[in-house]
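# Notes for the structure review
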2 protein chains.
Amino acid sequence: MEPMADAHTNDPKGAARANREFYRAFERLDLEAMHAVWLDDDSVQCVHPAGERLVGRERVLGSWAAIFRATESIAFELEDLTIEIVGDLAWVSAVERIRAGPGASARSVDPRPAGEAVATNLFVRRDGAWKLVLHHASPVARRFFPG
Amino acid sequence: MEPMADAHTNDPKGAARANREFYRAFERLDLEAMHAVWLDDDSVQCVHPAGERLVGRERVLGSWAAIFRATESIAFELEDLTIEIVGDLAWVSAVERIRAGPGASARSVDPRPAGEAVATNLFVRRDGAWKLVLHHASPVARRFFPG
């Protein structure tokens, strides 16, 4: 049984674990695991880098099925990951460095990134488990702002 | 004085008002109002449609100063707006239909959109007031997923 140490605290471990499970389901192209990551509620929302806004469990999970069908392999490294928690809501943000296509599994020896995306992942805590309610990923076009 | 009716409830009116104040500050290119919209905390994050991830109050507010300097006029219409609240966290999502450039003020008679973006706006409630902690806007490239 999973430890419940952060069931009523702001300890980020549970949200960090849920975020890892999301990317693990994506890398394994495991639709059942991806279903389990998301909250079972029609308020869920998803924006993939192609840009379209998807609302509702059927459209969101249907998009993952389409992506998994079209993907041979994909791997992620997350940079500059932050986790913020307020009550039963956590938002995890990071820059995704993405390798996709043949030979891009997590075991790949070719580290060339296929692209970068900024991801906002919003989790809600229900019965001690963090569930994804919003994923918003968008391409990093270029450095634009100074600082 | 603002009504405090939703200070401890899930009434979306306060979050809706805070979201309107964000877009009003943007349309008026009012940097002081934009500063007031954001939480005074270095955890704030912002992703503009150009795609770069900005973290911290100085970088986020600096980006708004740069955008306001470069913008003559801009106006927004929000479509398919949703508001979800869990405790003291609210996320407002919508498709922004954007008109920018000369003659693009809210009074413009030219309704042609200059572009569309999907926006995720995350607000935290502090002392009864909703403050922006994350803005993630990304361009809508094309329809991609069925349904």
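Residues numbered from 1 in each chain as written. Chains lettered and ligands numbered in written order. Predicted model: local features only at pLDDT ≥ 70, side-chain atom pairs only at ≥ 80, totals over all residues. Heavy atoms only, no water.

## Describing the overall build of chain A
Applied cut-off: Helix numbering and strand numbering both begin at the N terminus, where a helix is a DSSP run of H or I of at least 4 residues and a strand a DSSP run of E of at least 2. A 1.4 Å probe rolled over the protein chains alone gives each residue an accessible area, and that area as a share of the maximum for its type sets the label: buried under 20%, exposed over 50%, partly exposed in between. Each accessible area is a Shrake-Rupley result for a 1.4 Å probe, and residues are judged covered by the shown protein chains and nothing else.
Of the regular secondary structure elements, chain A holds 3 helices and 6 strands. In sequence order, chain A lays out its α and β elements as α-α-β-β-α-β-β-β-β. Residues counted as buried form 50% of the 147 residues belonging to chain A. Of the roughly 7,300 Å² of accessible surface on chain A, 51% is carried by carbon and sulfur atoms.

## Thoughts on the sheet that holds strand 4 (residues 89-100) of chain B
Residues and elements named next belong to chain B. The following threshold applies: Criterion used throughout: strands pair if DSSP finds at least two bridges between them. Axis lines are fitted to C-alpha atoms, over the contacting stretch for helices. Their N-to-C directions set the angle, which ranges from 0 to 180 degrees.
Sheet architecture is open: 6 strands sit in the order 2-1-6-5-4-3, paired in mixed fashion. Of all strands in the sheet, those bounded by a partner on one side alone are strand 2 (53-55) and strand 3 (74-86). Between one strand axis and the next, the sheet turns through 20 degrees on average, direction left out of account. Across 10 bridges, strand 4 lies against strand 5 (residues 115-126) in antiparallel orientation. The residue bridging Leu-89 from the neighbouring strand is Val-124, located in strand 5.

## Concerning the relation of the copies chain B and chain A
Filter applied, for reference: Only residues with pLDDT of at least 70 in both copies contribute their C-alpha atoms to the least-squares superposition of the copies. We call two residues in contact whenever any of their non-hydrogen atoms come within 4.5 Å of each other.
It takes a turn of 180 degrees to lay chain B on chain A, together with a shift of 0.0 Å along the axis; the resulting RMSD is 0.0 Å. Both copies are brought into coincidence by an operation consistent with a two-fold rotation axis. Rotation axis and chain B: the residue whose C-alpha lies nearest the axis is Ser138(B), separated from it by 3.0 Å. With an isologous cut-off of 70% or more, the 100% of interface residues of chain B that recur at the interface of chain A puts this contact in the isologous class.

## Details of the environment of Ala33(B)
Position of Ala33(B) relative to the elements: it lies in helix 2 (residues 31-37). Between the C-alpha atom of Ala33(B) and that of Ala129(B), which follows or precedes it by 96 residues, the distance is 14 Å.

## Structural notes on helix 3 (residues 57-70) of chain A
All names here are of chain A. Let me state the cut-off plainly: Take the residue count of a helix, subtract one, and multiply by 1.5 Å to get its expected span.
If you check helix 3, its first and last C-alpha atoms are 20 Å apart, about what 14 residues at 1.5 Å a residue would give, namely 20 Å. Buried residues of helix 3: Arg-57, Val-60, Leu-61, Ser-63, Trp-64, Ala-65, Ile-67 and Phe-68, and no others. Contacts made by the buried residues of helix 3 are with helix 1 (13-27), helix 2 (31-37), strand 1 (45-47), strand 2 (53-55) and strand 6 (129-139).

## As for the interface of chain B and chain A
For clarity, the cut-off: Buried area, as used here, totals the accessible surface that two parts lose on assembly, with accessibility defined by a 1.4 Å probe and the loss added over both. The salt bridge definition used is simple: a Lys or Arg side-chain nitrogen within 4 Å of an Asp or Glu carboxyl oxygen. Residues are grouped as follows: Ala, Val, Leu, Ile, Met, Phe, Trp, Tyr, Cys and Pro are nonpolar; Asp, Glu, Lys and Arg are charged; all remaining types, including Gly, are polar.
Each partner contributes residues to the interface: chain B has 41 residues there, and chain A has 41 residues. In total, chain B and chain A occlude about 3,300 Å² of area from one another, counting both sides; carbon and sulfur atoms represent 63% of this. Our enumeration of links across chain B and chain A arrives at 0 salt bridges. Split by residue class, the side of chain B that touches chain A holds 21 nonpolar, 11 polar and 9 charged.

## A look at empty space enclosed by the protein
What counts here: A pocket, in this scheme, is an open set of points on a 1 Å grid over the protein atoms alone with protein on both sides within 12 Å along at least 5 of 7 lines, while a cavity is a set where a 1.4 Å probe fits but cannot get out; residues line either one if an atom lies within 4 Å of a point. Grid points are joined across faces, edges and corners, and a volume is the space filled by probe spheres set on the points.
Overall, the coordinates contain 1 cavity of 30 Å³ or more when judged by the stated rule. Of the voids in this model, the largest cavity is the one considered here, and its volume is about 40 Å³. Lining the largest cavity we find Ser93(A), Val118(A), Ala119(A), Thr120(A), Gln45(B), Cys46(B), Val47(B), Arg53(B), Leu134(B), His135(B) and His136(B). In terms of residue class, the lining of the largest cavity is made up of 5 nonpolar, 5 polar and 1 charged.

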